[in-house]
Amino acid sequence: QVQLIESGGGLVQAGDSLSLTCAPSGAPFSSFIMGWFRQAPGKQREFVSAIWWPGGTTDYEDSVQGRFTISRLNDKSTGLLQMNLLKPEDSAVYYCAAGNSRWSRRRDANEYKDWGQGTQVTVSS
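From a predicted model like this one, the values you see are computed outputs, not experimental measurements.

Draft legend 1. Spatial organisation of the overall build of the protein. The secondary structure content of the protein amounts to zero helices and 11 strands. Sequence-ordered secondary structure for the protein, helices as α and strands as β, is β-β-β-β-β-β-β-β-β-β-β. Scaling as 2.2 N^0.38, a compact globule of 125 residues should have a C-alpha radius of gyration of about 14 Å, and the protein matches this with 13 Å. Considered along the principal axes of its C-alpha atoms, the protein spans approximately 40 × 25 × 25 Å. Burial status across the protein gives 43% buried among its 125 residues. Put simply, of all contacts in the protein between residues at least 6 apart along the chain, 58% involve residues at least 24 apart. A total accessible area of about 6,300 Å² is found for the protein, and carbon and sulfur atoms account for 47% of it.

If you want it as structure tokens, here you go:
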């Protein structure tokens, strides 16, 4: 099992931007899919975005489409979730995850084998 390390969370105001990064600890990223999920207090963990690592195909949950961008950095081991025009309802703990299932299963958290510890994102109104 690989430990994923996230960074970049924080407290911002509505309309601001944040960048979250995710990379495996001590090893290159070797899975097929990197996904981002979030969980707000009292709510279930929900899918945010995913990227097919070998080819770069991406997917977004409807509420973040057009505001968030997922990508791979040039080192090929670090994923980036660029979050723009943040809203208070984006506040949550954000988790990155790695999996090797089919792309069609990318939105199912159960399909991911490795997870980060989570990073808090708080957006004030």
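Draft legend 2. Quick peek at the packing of aromatic side chains. Applying the stated rule across the entire model yields eight aromatic pairs. Relative to Trp103, the ring of Trp52 lies with its centre 6.2 Å away and its plane at 75 degrees, an arrangement referred to as edge-to-face. Here the residue Trp52 occupies a position in strand 5 (residues 46-52), and Trp103 occupies one in the loop between strand 9 (92-99) and strand 10 (114-115), the gap between them amounting to 51 residues. When the centroid spacing of 6.5 Å and the interplanar angle of 75 degrees are considered together, the rings of Tyr95 and Trp115 count as edge-to-face. In this pair, Tyr95 sits in strand 9 while Trp115 sits in strand 10, placing the two residues 20 residues apart along the sequence. Three or more aromatic residues joined by ring pairs make a cluster, and in this case those are Phe37, Phe47, Tyr95, Tyr112 and Trp115. The ring of Tyr95 is capped by Arg45, whose NZ or CZ atom sits 3.9 Å from the centre of that ring. We note Arg45 situated over the ring of Trp115; from NZ or CZ to the ring centre the distance is 4.7 Å.

Draft legend 3. The state of the cysteines, seen in detail. Applying the stated rule across the entire model yields one disulfide. In this model Cys22 forms its disulfide with Cys96; the gap between the sulfur atoms is 2.0 Å. Taking the sign of the S-S torsion, about 60 degrees here, the bridge from Cys22 to Cys96 comes out right-handed. Of this pair, Cys22 sits in strand 3 (residues 18-24) while Cys96 sits in strand 9, and the two are 74 residues apart along the sequence. Both residues of the pair, Cys22 and Cys96, belong to the buried class.

Definitions and cut-offs
Per-chain numbering applies: the sequence of each chain, read as written, is numbered from 1 onward. Residue-level local features of this predicted model are given only where pLDDT is at least 70; pairs of side-chain atoms are given and counted only at 80 or more, and the full residue set underlies all totals for whole chains, interfaces and linings. Note: side-chain values were computed over all heavy atoms of the structure, leaving out hydrogens and water. Secondary structure is summarised from DSSP: a helix means a run of H or I of at least four residues, a strand means a run of E of at least two, and numbering begins at the N terminus for each. Put simply, the radius of gyration uses C-alpha atoms, and a globule should come to 2.2 Å times the residue count raised to 0.38. Think of it in three bands: with a 1.4 Å probe and only protein chains considered, a residue is buried below 20% of the maximum accessible area for its type, exposed above 50%, and partly exposed in between. Between two residues, a contact is recorded if the distance between any of their heavy atoms is within 4.5 Å. Surface accessibility in these figures is a Shrake-Rupley result with a 1.4 Å probe; residues are shielded only by whichever protein chains are displayed. Only the six-membered ring of Trp is used, alongside the rings of Phe and Tyr, when aromatic pairs are assigned; centres must lie within 6.5 Å, and planes under 30 degrees apart are stacked while those over 60 apart are edge-to-face, with the rest tilted. The rule is short: NZ of Lys or CZ of Arg within 6 Å of the ring centre and within 35 degrees of the ring normal puts a charge over the ring. Sulfur atoms of two cysteines make up a disulfide when they are within 2.5 Å.

Take it as geometry only, folks, not as evidence of what the structure does.
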